[in-house]
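# Close look at the chain arrangement
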Amino acid sequence: MYCKVCDLGLMEYERAWNLQDEFAVEIAAGKRAPTLLLLEHPHVYTFGRKGHAENLLWDDQQLKERGLSVHWVDRGGDVTYHGPGQLVGYPLIPLGILHNGRGESDERARIPEADYVGYVRKLEQTLVVALARIGLAAGQVPGMTGVWVQADVFSRCPRCKPEERKKPAKIAAIGVKVDVHGISRHGFALNVNPEMTYWDGIIGCGLTEYPVVSLADLLSKPPEMQKVKEEVASTFGEVFGYGMVWSSQEV
C-alpha cells in the first residue's frame, strides 16, 4: 500500500482547502491513492469548529497591515496561525467508512471516538519521531493535542519570556476532520522557522497559559524546509504503514 506525497510549495489557504475536498472525493471513489499534502501558507489565521472569535486579538486594521486573512473552517479545535516557514501537512487517507447503524453511509454518523483519537495520536507520534531525527526532543502532553517540548528544552529559546521558560511549549498544532466517507482532512502545522510574532495576534488554540516555539528558536542552525518535509513524510509512512511515493504532478 502506498501514499502519494505532493509538495505544493507556498499555496493560498482557500485553494488548498478546496484541493483537499477534491482529492478526498477521488480517494473515496478509488480514483486516487491516499495522499499527503505538504505545503506552506501565506499569513492566515484559521478557526476550527470550536473556535471563539474573542481569541482573535488584532483588529481589522492590524490584520490588513500584517497581510493576514481569516478563515472559519471545518476542522477541530480553535484558532491557529499558518505562514511561511511553517510546514503544514494535510493527510488525506481512509480511516474507515462511517455508517448510521443500518449499513448505510450517513453524514450524521461519526467515526468512533477511539479511532479519531488514535488517528490524532499517530499524527503526534509521526512528528515526535521526525523531530528526534532532526535533533530535537519533543513529545506528547497527556490531555493536550499537539506536539510539545518540555521546559528544560524550551528554556534554550533566546527570544522567549523568562517567566514562560518553566512551561512546556507547543511546536506543532493538530486539527483534523474525518468526512462521511471516512477520509481524513486538515492535519498538522509544524513550526520550522516562521515569524513568531504573528502568534501575538491570537490566543492560539484557546490556550492562554502555554507558549509556542519553533525549531529555529531551539536549534543553532534550523534545518532546511525540504529536509523537514522528507523526514516527516518518511516517518508518516512508517507510522501509518504506507510506502511513500513523491509525486511530481502539478496541481
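Residues numbered from 1 in each chain as written. Predicted model: local features only at pLDDT ≥ 70, side-chain atom pairs only at ≥ 80, totals over all residues. Heavy atoms only, no water.

## Some thoughts on the overall build of the protein chain
Regarding its fold elements, the protein chain presents six helices and ten strands. When burial is assessed residue by residue, the protein chain has 51% of its 251 residues classed as buried. For the protein chain, the proportion of contacts with a sequence separation of at least 24, taken over those separated by at least 6, is 74%. Accessible surface, the protein chain: about 11,900 Å² in total, of which carbon and sulfur atoms supply 49%. (Helix = DSSP H or I, 4+ residues; strand = E, 2+ residues; numbered from the N terminus. Buried < 20%, exposed > 50% of the residue type's maximum accessible area, 1.4 Å probe, protein only. Contact = heavy atoms within 4.5 Å. Areas by Shrake-Rupley, 256 points an atom, 1.4 Å probe, with all protein chains shown as cover.)

## Looking at the pairing of strand E8 (residues 169-178)
Within E8, nine of the ten residues are buried, which leaves the element mostly enclosed by the surrounding structure. Alignment of strand E7 (residues 147-149) against E8, held across three bridges, turns out to be antiparallel. Following the sheet pairing, Val149 is matched in E8 by Ala169. Looking at chain direction, E8 and strand E9 (residues 184-191) are connected through seven bridges and run antiparallel. Bridge pairing links Val178 to Ser184 in E9. From the end of E8 to the start of E9, which pair antiparallel, there are five residues, and Gly182 there has a positive phi angle of about 80°. (Pairing = 2+ DSSP bridges.)

## Describing the confidence of the model for the protein chain
Per-residue confidence for the protein chain gives a mean pLDDT of 88; residues scoring 70 or more make up 90%. Between residues 99-109, whose pLDDT stays under 50, and residues either more than four places distant or in other chains, the model counts eleven contacts. (pLDDT = per-residue confidence, 0-100.)

## Focus on the sheet that holds strand E3 (residues 44-47)
On the basis of which strands lie adjacent, the open sheet formed by three strands has the order E4-E3-E5 and mixed pairing. For this open sheet the edge positions go to strand E4 (69-72) and strand E5 (79-82), each flanked by a neighbour on one side alone. Sheet twist, expressed as the mean angle between neighbouring strand axes with direction ignored, is 20°. Inspection of the sheet shows E3 paired to E4 by four bridges, in the parallel sense. Along E4, the bridge assignment pairs Tyr45 with Val70. Seen against the sheet, helix H1 (residues 13-28) touches E3, E4 and E5 and runs at an angle of roughly 25° to E4. (Axes fitted to C-alpha atoms, helices over the stretch in contact; angles between N-to-C directions.)

## Here we look at unusual backbone geometry
If you check the backbone angles, His186 has positive phi at about 55° while not being a glycine. As for its placement among the helices and strands, His186 is situated in strand E9.

## Some remarks on the pattern of salt bridges
Scanning the model with the defined rule gives eight salt bridges in all. Glu238 is the salt-bridge partner of Arg133, the closest N and O atoms lying 2.9 Å from each other. Linking Arg133 in helix H3 (residues 113-134) with Glu238 in helix H6 (residues 225-240), this pair joins segments that are 105 residues apart in sequence. Three or more residues are tied together by salt bridges with common partners; here these are Asp21, Asp179 and Arg185. (Salt bridge = Lys/Arg side-chain N within 4 Å of Asp/Glu carboxyl O.)

## Re the pairing of strand E6 (residues 86-92)
Across a regular strand the side chains alternate sides, sitting on one face of the sheet and then on the other. Among the seven residues that make up E6, seven are buried, leaving the element largely enclosed by the rest of the structure. In this sheet, E6 lies alongside strand E2 (residues 35-40) in antiparallel orientation, the contact comprising five bridges. Of the residues in E6, the one forming a bridge with Leu39 is Val88. Bridge analysis of E6 against E9 gives four bridges, and the strand direction is antiparallel. If you follow Gln86 over to E9, its bridge partner there is Asn191.

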